[in-house]
Amino acid sequence: TAALGIGGNNPTPGFRNQTEEYDGASWSAGGNLTTNRGSLGGAGTQTAGLAFGGNTPPVTGATEEYNGATWTAGGSITPVRGYMGGCGTQTAALCFGGHAGTPTIVGTTDEYNGASWTANPTGLNTARATVAGCGTQGAALGFGGYTPPASASAATEEYDGSTWTTSPGSLGTARYRIAGCGTQGAALGFGGYTTTQVANTESYDGSSWTTASNLAVARARIAGAGTLAAGLAIGGYPDQTSTEEFGAATSAANIVTVTTS
């Protein structure tokens, strides 16, 4: 009921800087990013948000902080990259995996303290891009994604603040450009690509994934926010404008038009 949709890409006019705020029923315009970009990482809340990396093109390391009205520059991330996983808060965020310029895919993990990024020497066990993330800086979850050559991943990894551990519970459907929300022990993964866009939704309990109610609209390149019991699916491809809300028992489409100017 208090989410942000940040940046993105569509065929016309391309990479975007718009921010929109969701109140549980409709979207309204917020303050624009200073850098147009898609495939970026995000963390935080509607009034204390964080946007980092992404494709401008080329990929960027720019980080911006949101106060509920305007974006201001934060510390840049290295290596510069897009298509990464992200989670946490504005002052304690996590960035992992991604494309550091085609065709380089990395497993790098970086932590943000509200001013600057610090690299953790221990990265993901499986380097991948377009990986989904949720949780906190000290208890994160990374799942799905793309590993070369042209392979969708089902791998799930848990982060304890210093190291990543591969979970025995892999996604039931391997996919990339998937979205996620929730916590390390109560997560939701939805949408993405296998060989085409899918509507598959799965829930994670800290050890295994279970099939949940599908999205009403199959799509990839999707954004996610919220919790396992109150999830939000935003935009995506090929349906760029619809929003869906997820409850503990079902997923329901709340189709609203995202407008830009």
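The present account deals with the structure reproduced in this document. Note that the structure is predicted; figures quoted are calculated from it, not measured.

A short note on the sheet that holds strand E9 (residues 71-73)
The antiparallel open sheet is built from four strands, whose spatial order is E6-E7-E8-E9. The two strands at the open ends of the sheet, each matched to only one other strand, are strand E6 (41-44) and E9. Taken pair by pair, the neighbouring strands of this sheet meet at an average axis angle of 25 degrees, ignoring direction. Looking at chain direction, E6 and strand E7 (residues 49-52) are connected through four bridges and run antiparallel. Bridge assignment links Ala43 to a residue of E7, and that residue is Leu50.

Observations regarding the sheet that holds strand E18 (residues 156-159)
With respect to topology, four strands assemble into an open sheet ordered E14-E15-E18-E19, the strand pairing being antiparallel. Looking at which strands have only one partner, the edges of the open sheet turn out to be strand E14 (132-136) and strand E19 (164-166). Pairs of neighbouring strands in the sheet enclose a mean axial angle of 20 degrees, with direction left out of account. Pairing of strand E15 (residues 139-143) with E18 involves four bridges; the strand directions are antiparallel. Opposite Ala140, over in E18, you have Tyr159 as the bridge partner.

Overview of the environment of Thr35
With respect to the secondary-structure elements, Thr35 resides in the loop between strand E5 (27-29) and E6. For the pair Thr35 and Gln46, spaced eleven residues apart in sequence, the C-alpha to C-alpha distance is 19 Å.

Some words on unusual backbone geometry
The amide bond that connects Thr56 to the next residue, Pro57, takes the cis arrangement and shows omega of -20 degrees. Relative to the assigned elements, Pro57 resides in the loop between E7 and strand E8 (63-66). A cis geometry characterises the amide bond from Thr78 onward to Pro79, with omega recorded as 0 degrees. With respect to the helices and strands, the residue Pro79 is situated in the loop between E9 and strand E10 (85-89). With phi around 50 degrees, Thr130 is a residue other than glycine that occupies positive phi space. For Thr130, the position within the fold is in the loop between strand E13 (117-120) and E14. Judged by its relative accessible area of 10%, Thr130 is buried. The phi dihedral of Arg221 is positive, around 55 degrees, even though this residue is not glycine. Of note, Arg221 is situated in the loop between strand E23 (209-212) and strand E24 (223-226).

Section: the pattern of salt bridges
Enumeration over the complete set of coordinates arrives at five salt bridges. A salt bridge links Glu64 to Arg37; its shortest N-O distance comes to 2.8 Å. Taken together, the positions of Glu64 in strand E8 and Arg37 in the loop between E5 and E6 put the pair 27 residues apart, joining distant regions of the chain. Between Glu202 and Arg175 there is a salt bridge; the shortest N-O distance is 2.8 Å. Of this pair, Glu202 sits in strand E22 (residues 201-204) while Arg175 sits in the loop between E19 and strand E20 (179-183), and the two are 27 residues apart along the sequence. There is no split in this pair, since Glu202 and Arg175 are both buried.

What counts, and at which threshold
Residues numbered from 1 in each chain as written. Predicted model: local features only at pLDDT ≥ 70, side-chain atom pairs only at ≥ 80, totals over all residues. Heavy atoms only, no water. Pairing = 2+ DSSP bridges. Helix = DSSP H or I, 4+ residues; strand = E, 2+ residues; numbered from the N terminus. Axes fitted to C-alpha atoms, helices over the stretch in contact; angles between N-to-C directions. Buried < 20%, exposed > 50% of the residue type's maximum accessible area, 1.4 Å probe, protein only. Salt bridge = Lys/Arg side-chain N within 4 Å of Asp/Glu carboxyl O.

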